[in-house]
Amino acid sequence: MHVENIIVTAFSTNCYLVGDEETKQAMVIDPGGDWEAVKKMVDDRGYNIKYIVCTHGHNDHILAVKNLKDYTNASIIIQDKDKKCLQNPLYSGALMFGLAQEECFEDIVVFDGEVFNVGNIAFKVIHTPGHTKGGMCLYTTGHLFSGDTLFYGTVGRTDFPRASFDEIKSSIKDKLYVLPDDTVVYPGHGRKTTIGHEKKNNMYVKA
Ligand SMILES: [Zn+2]
């Protein structure tokens, strides 16, 4: 599996390109803005982009989705409870930060436990509400893309409307800390970590 990321927007969001080297299919996770940089990553690697995946609907994870959709015609995937963020700058937070948002529409709405394939790699959707209602993580053996649910040493903010610390805590404890300790965690912001490291060291959610 090929994984690389660039950092986009003033919020330093990790936008990932995750590809299957055998089939040359890939998905882009959280193209939050800085379209030219996202486009360069896509062009440089030459993967066929099958999916655009939004781990949640906040502006810094979705603002280049429309550009990437127009460029690749890949299918947009988002969890059911965050899908309206793609059309509504109030829900995405774009309005609050004075950012322009072009509306776009999801192609595939996903729910907890669903599986989709990028080439020969199967990714499981883990619905992890808390930071937003429709936050989700993507899991394949050894790798977790955790969006703004779990970070190195910390967790996603829950001081927004529709956010809940109790929810993010149970999402992490019940659905992420049950994964193997050596699972590498690729978060929506900041450096990589592992499930084992967070179970021991996370400031907010202990195992
Ligand atoms: Zn967020």
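See the structure shown above.
Residues numbered from 1 in each chain as written. Predicted model: local features only at pLDDT ≥ 70, side-chain atom pairs only at ≥ 80, totals over all residues.

Draft legend 1. Structural context of the overall build of the protein chain. The secondary structure content of the protein chain amounts to six helices and 14 strands. The C-alpha radius of gyration of the protein chain comes to 16 Å, within 12% of the 17 Å expected for a compact globule of 207 residues. On the principal axes, the C-alpha backbone points of the protein chain span a range of 40 × 40 × 30 Å. Contacts in the protein chain between residues at least 24 apart in sequence constitute 58% of all its contacts with a sequence separation of at least 6. (Helix = DSSP H or I, 4+ residues; strand = E, 2+ residues; numbered from the N terminus. Rg over C-alpha atoms; globule rule 2.2 N^0.38 Å. Contact = placed C-beta atoms within 7 Å.)

Draft legend 2. Local environment of the environment of Val 28. Position of Val 28 relative to the elements: it lies in strand β3 (residues 25-29). Separated by 10 residues in sequence, Val 28 and Val 38 place their C-alpha atoms 8.9 Å apart. Apart from residues lying up to four places away in sequence, Val 28 is in contact with Cys 15, Leu 17, Val 38, Val 42, Ile 49, Ile 52 and Leu 68.

Draft legend 3. Looking closely at the sheet that holds strand β2 (residues 13-20). With respect to topology, six strands assemble into an open sheet ordered β1-β2-β3-β4-β5-β6, the strand pairing being mixed. Two strands bound the open sheet, and with one partner strand each, they are β1 (2-8) and β6 (108-110). Strand after strand, the sheet turns through a mean of 25° between neighbouring axes, direction not considered. Bridge analysis of β1 against β2 gives seven bridges, and the strand direction is antiparallel. When the bridges of β2 are listed, Val 3 appears paired with Val 18. Along the sheet, helix α1 (residues 35-45) makes contact with β1, β2, β3 and β4 (48-53), crossing β2 at roughly 20°. (Pairing = 2+ DSSP bridges. Axes fitted to C-alpha atoms, helices over the stretch in contact; angles between N-to-C directions.)

Draft legend 4. Expanded view of the nonpolar core. Core analysis: the largest hydrophobic core is formed by 52 residues, its most contacted members being Met 27, Val 28 and Ile 52. If we ignore the near neighbours within four places in the chain, the residues touching Met 27 are Val 18, Ile 49, Lys 50, Tyr 51, Val 53 and Val 118. (Core = buried A, V, L, I, M, F, W, Y, C linked by C-beta atoms within 7 Å. Buried ≥ 20, exposed ≤ 12 C-beta atoms within 10 Å, placed from the backbone.)

Draft legend 5. Layout of the environment of Gly 135. Mapped onto the fold, Gly 135 is located in the loop between β8 (121-127) and β9 (136-140). Look at Gly 135 and you get buried, because 30 C-beta atoms sit within 10 Å. Through-space distance from the C-alpha of Gly 135 to that of His 58 is 9.6 Å; in sequence the pair is 77 residues apart. With residues up to four places along the chain from it excluded, the contact list for Gly 135 reads Thr 55, His 56, Thr 128, Pro 129, Gly 130, Gly 147, Asp 148 and Thr 149.

Draft legend 6. A look at the sheet that holds β9. An order of β7-β8-β9-β10-β13-β14 is seen for the six strands of this open sheet, with the pairing classed as mixed. Bordering the open sheet on either side are β7 (115-118) and β14 (193-194), each of which pairs with just one other strand.

Draft legend 7. Quick peek at the pairing of β2. By the criterion of burial, β2 is predominantly enclosed, with seven of the eight residues buried. When β2 meets β3, the two strands line up antiparallel, connected through five bridges. By the bridge assignment, Gly 19 is partnered in β3 with Ala 26. Connecting β2 to the next strand, β3, in antiparallel fashion are four residues, including Lys 24 with a positive phi near 65°.

Draft legend 8. How the structure looks around unusual backbone geometry. Of note, Lys 24 is a non-glycine position whose phi angle comes to about 65°, a positive value. With respect to the helices and strands, Lys 24 occurs in the loop between β2 and β3. Residues other than glycine seldom take positive phi values, yet Asn 73 does so here, at roughly 55°. Along the chain, Asn 73 turns up in the loop between α3 (65-72) and β5 (75-79).

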